[in-house]
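# Observations on the three-dimensional arrangement
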Amino acid sequence: MNCLHILSSEYPPDVGGVADYTRQVAEALARAGEEIHVWTSAAREPREASGAHVHPDPGQFRPSDLRKLGARLDEFPLPRRILVQWVPHGYGYRSMNLWFCLWLAARARAGDRIELMVHEPFLQLQPGPLRHVCMALVHRVMTIVLMCSASRVWVAIPAWESKLRPYALGRALRIDWLPIPACVAPANVAEATPRQRITQTAQPIVGHFGSYGREVVALLEDRLPGILDSDGRPLLLLIGAGSEAFRAALVNRHPSWAGQVHATGYVPPAALAGQLEACDLFLQPYPDGITSRRTSAMA
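All of the points below concern the structure found in this document. Please read these numbers as outputs of a predicted model, since none were measured by experiment.

### Some points on the overall build of the protein
Counting its regular elements, the protein contains ten helices and twelve strands. For the protein, the spread of C-alpha atoms along the three principal axes comes to 65 × 50 × 35 Å. Going through the 299 residues of the protein one by one, you find that 46% of them count as buried. Accessible surface, the protein as shown: approximately 14700 Å² in total, 56% of it carbon and sulfur. The centroid of the 30 positive side-chain charges in the protein is displaced by 6 Å from the centroid of its 27 negative side-chain charges.

### Focus on helix α7 (residues 214–228)
Helix length check: α7 (15 residues) gives 21 Å between terminal C-alpha atoms against 21 Å at 1.5 Å per residue, within 8%. Taken as a whole, α7 carries its principal kink of about 30° at Asp-222; the proline Pro-225 stands between one and four residues after it. Against β9 (205–209), β10 (235–239), α8 (243–253) and β11 (261–263) lie the buried residues of α7.

### Digging into the nonpolar core
One finds Leu-7, Val-84, Trp-86, Phe-100, Val-153 and Leu-164 to be the most contacted residues of the largest nonpolar core, which totals 52 residues. Here the element with the most residues in this core is helix α3 (residues 98–109); it accounts for five residues. Setting aside chain neighbours within four positions, we find Leu-164 in contact with Val-118, Pro-121, Phe-122, Thr-143, Met-147, Val-153, Val-155 and Ile-175. Membership of the second largest hydrophobic core comes to 14 residues, among which are Val-206, Tyr-212, Phe-246 and Leu-283.

### With respect to the side chain of Arg-152
Along the chain, Arg-152 falls in strand β7 (residues 152–155). Apart from residues lying up to four places away in sequence, Arg-152 is in contact with Arg-113, Ile-114, Glu-115, Leu-116, Leu-173, Arg-174 and Asp-176.

### As for the sheet that holds strand β12 (residues 281–282)
Strand order in the open sheet made by the four strands is β11-β10-β9-β12, with parallel pairing throughout. Of all the strands in the sheet, just β11 and β12 have a single pairing partner and so form its edges. Here β9 runs beside β12; their pairing, made up of two bridges, is parallel. Following the sheet pairing, Gly-207 is matched in β12 by Phe-282. Strands in contact with helix α9 (residues 269–277) are β9, β10 and β12; relative to β10, the strand with the most contacts, it is inclined by about 160°.

### A closer look at the sheet that holds strand β2 (residues 35–40)
On the basis of which strands lie adjacent, the open sheet formed by eight strands has the order β3-β4-β2-β1-β5-β6-β7-β8 and mixed pairing. Each edge of the open sheet is held by one strand with a lone partner, namely β3 (47–49) and β8 (175–177). Within the sheet, the average angular offset between the axes of one strand and its neighbour, ignoring direction, is 25°. Summarising the sheet, β3 and strand β4 (residues 52–55) pair through three bridges and their orientation is antiparallel. Residue pairing for β4: Glu-48 is matched across the bridge by His-53. On top of the sheet, helix α1 (residues 17–31) reaches β1 (3–8), β2, β3, β4, β5 (81–86) and β6 (113–118); it is set at about 170° to β1, its chief contact. The strands that helix α2 (residues 63–73) touches are β1, β2, β4 and β5; relative to β2, the one it contacts most, it runs at about 170°.

### As for the packing of α7 against α8
Across the interface, α7 lies against α8 with an axial gap of 12 Å and an inter-helix angle of 40°. Put simply, α7 runs oblique to α8. Regarding α7 and α8, the two cross each other, and that crossing is right-handed. Residues Val-217, Leu-220, Glu-221 and Leu-224 of α7 touch α8, and the partners they reach there are Phe-246, Leu-250 and Arg-253.

### Focus on the pattern of salt bridges
For the structure shown, the criterion picks out 18 salt bridges. Two residues, Glu-161 and Arg-165, come together in a salt bridge whose shortest N-O distance is 3.0 Å. Since its relative accessible area comes to 26%, Glu-161 is described here as partly exposed. Take Arg-165: its relative accessible area is 30%, and that puts it in the partly exposed class. Between Asp-288 and Arg-293 there is a salt bridge, with the nearest N and O atoms lying 2.6 Å from each other. Classification of Arg-293 as buried rests on a relative accessible area of 12%.

So, how was this worked out
- Position numbers for residues start from 1 in each chain and track the written sequence from start to end.
- Residue-level local features of this predicted model are given only where pLDDT is at least 70; pairs of side-chain atoms are given and counted only at 80 or more, and the full residue set underlies all totals for whole chains, interfaces and linings.
- Side-chain descriptors were evaluated using all non-hydrogen atoms of the structure, hydrogens and water having been removed beforehand.
- Each helix is a run of H or I in the DSSP string that is no shorter than four residues. Each strand is a run of E no shorter than two, and both are numbered from the N terminus.
- Buried means the residue's accessible area, taken with a 1.4 Å probe over protein chains only, is under 20% of the maximum for its type, while exposed means over 50%, and partly exposed covers the values in between.
- Working definition of accessibility: Shrake-Rupley area with a 1.4 Å probe, residue cover restricted to the visible protein chains.
- Only four residue types enter the charge count: Lys and Arg as positive, Asp and Glu as negative, with His and the chain ends excluded.
- By convention, charge coordinates are those of NZ in Lys, CZ in Arg, CG in Asp, or CD in Glu.
- By this rule the span expected of a helix is its residue count minus one, scaled by 1.5 Å.
- To obtain the bend at a residue, axes are fitted to the seven residues ending there and to the seven starting there, and the angle between these axes is taken.
- What makes two residues a contact is simply this: any of their non-hydrogen atoms within 4.5 Å.
- We define the nonpolar core as a collection of buried residues of types Ala, Val, Leu, Ile, Met, Phe, Trp, Tyr and Cys that are connected through side-chain atoms lying within 4.5 Å of one another.
- Between any two strands, at least two bridges found by DSSP are needed for them to pair.
- In this description, a line fitted to the C-alpha atoms serves as the axis of each element, helices being fitted only across the stretch in contact, and the angle between N-to-C directions of two axes falls anywhere from 0 to 180 degrees.
- What sets the label is the angle itself: under 35 degrees gives roughly parallel, over 145 gives roughly antiparallel, 65 to 115 gives roughly perpendicular, and the rest give oblique.
- Each crossing is labelled by how the near helix is turned from the far one, with a counterclockwise turn of less than a right angle marking it left-handed and a clockwise turn marking it right-handed.
- Salt bridge, as applied in this entry: a Lys or Arg side-chain nitrogen positioned within 4 Å of an Asp or Glu carboxyl oxygen.

Written out as structure tokens, the structure reads:
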């Protein structure tokens, strides 16, 4: 049996694309007979999750937390394979946790095999607020440290390969695309469908699935009046954690939409397919455009 250690800033009960992805990978490998240890700040106490061992030791990924995490990893025999779910904003210090990257570099020098799954590489470097420029520059230093420490790199979309390659500083580092799967289980056809619960008419249903972050919410709000006030008066089904608060805000600003807008709140993977199948059309705006790294788009 092989042993794989997965470091992730998100894991259920956290809600988010990285959490969903990491859970799917951990559970699938555990079902295949691998010994899987997930080390995440999302855990409050050690637990078993569908065959994977979930540990809370990373805390907030501060230097003291990393020393504790290192001591726990050292309890496992070499060679240790550590797969890092990388998003720069996931590891604290306002997305500039250079300590975490240096800690990984030290683990690599000590004999651990570090692999990266890059969901997002770094903030775009462009004119703007000084804080954003500083973050973008620090992200690039972090990327150099990571690329010089990793034995292999996986990317969520092929476009990341060309962005990351210069930061390997000439190393012949293998970078491969690892597509993001959909976080959807088959629908239970024996139950009443969400569409039947919402309407008995032929009104079209427009859906949105996501976590309702500030940037996406702004894009949605710009587009919804032209849809909900159109002659067909379609219904809107908001799916996912944060949808109920967004519905309340929408109806407060547009009282006439009260009967048109529905929200599910958080939907577990087992029930997600039925909610998605209820919709005729999806409105999925993303600030950086739609790509296959978006778990909501893949669903």
